[in-house]
Amino acid sequence: MNKEEIQKARNIIEELFHDEKAITQWQYELLEMVVNVAQIKVKNNCDLAHVSGSFNHETISKIRNSQSDAEARRIIATHIKNYH
């Protein structure tokens, strides 16, 4: 799902809600929650794709050459923190 598809889903939900015979208030709220969760997942996947693509050769080499898992995690955390 992308941003356009999420907006299309929101538009459909709005149209259904304004048709008094289509869905009830609680169904509308439930559908809105589903779309909100989908939107969060899309955003997180986009963020993850951007961050994962931002690791350069130098950073990857530092991670591979680290002396422990803790050191590797610190390098990764620092990279992600500095990326944003």
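Residues numbered from 1 in each chain as written. Predicted model: local features only at pLDDT ≥ 70, side-chain atom pairs only at ≥ 80, totals over all residues. Heavy atoms only, no water.

Chemist: I'm lost on helix 1 (residues 3-18) in this one. Help?
Modeler: Since the α-helix advances by 3.6 residues per turn, residues separated by three or four positions end up pointing in the same direction. With 16 residues, helix 1 should cover 22 Å at 1.5 Å per step; its first-to-last C-alpha distance of 23 Å lies within 8% of that length. If you check which residues of helix 1 are buried, you get I6, A9, R10 and I13. One face of helix 1 carries all of its buried residues, which in axial projection span an arc of 100 degrees. What points out from helix 1, more than 90 degrees from its buried face, is the exposed set E4, K8, E15 and H18. Summarising the contacts, the buried residues of helix 1 are in contact with helix 2 (25-52). (Helix = DSSP H or I, 4+ residues; strand = E, 2+ residues; numbered from the N terminus. Expected span 1.5 Å × (residues − 1). Buried < 20%, exposed > 50% of the residue type's maximum accessible area, 1.4 Å probe, protein only. Arc of directions from axis to C-beta. Contact = heavy atoms within 4.5 Å.)

Chemist: Looking at this model, I keep getting lost on the pattern of salt bridges. Mind explaining?
Modeler: For side chains bearing opposite charge, pairing can occur when the charged atoms are close. Evaluation of the coordinates by the stated rule reveals two salt bridges. Its salt-bridge partner being E32, residue R10 comes within 2.9 Å of it at the nearest N-O pair. Of this pair, R10 sits in helix 1 while E32 sits in helix 2, placing them 22 residues apart in sequence. Pair check on accessibility: R10 and E32 agree, each one buried. (Salt bridge = Lys/Arg side-chain N within 4 Å of Asp/Glu carboxyl O.)

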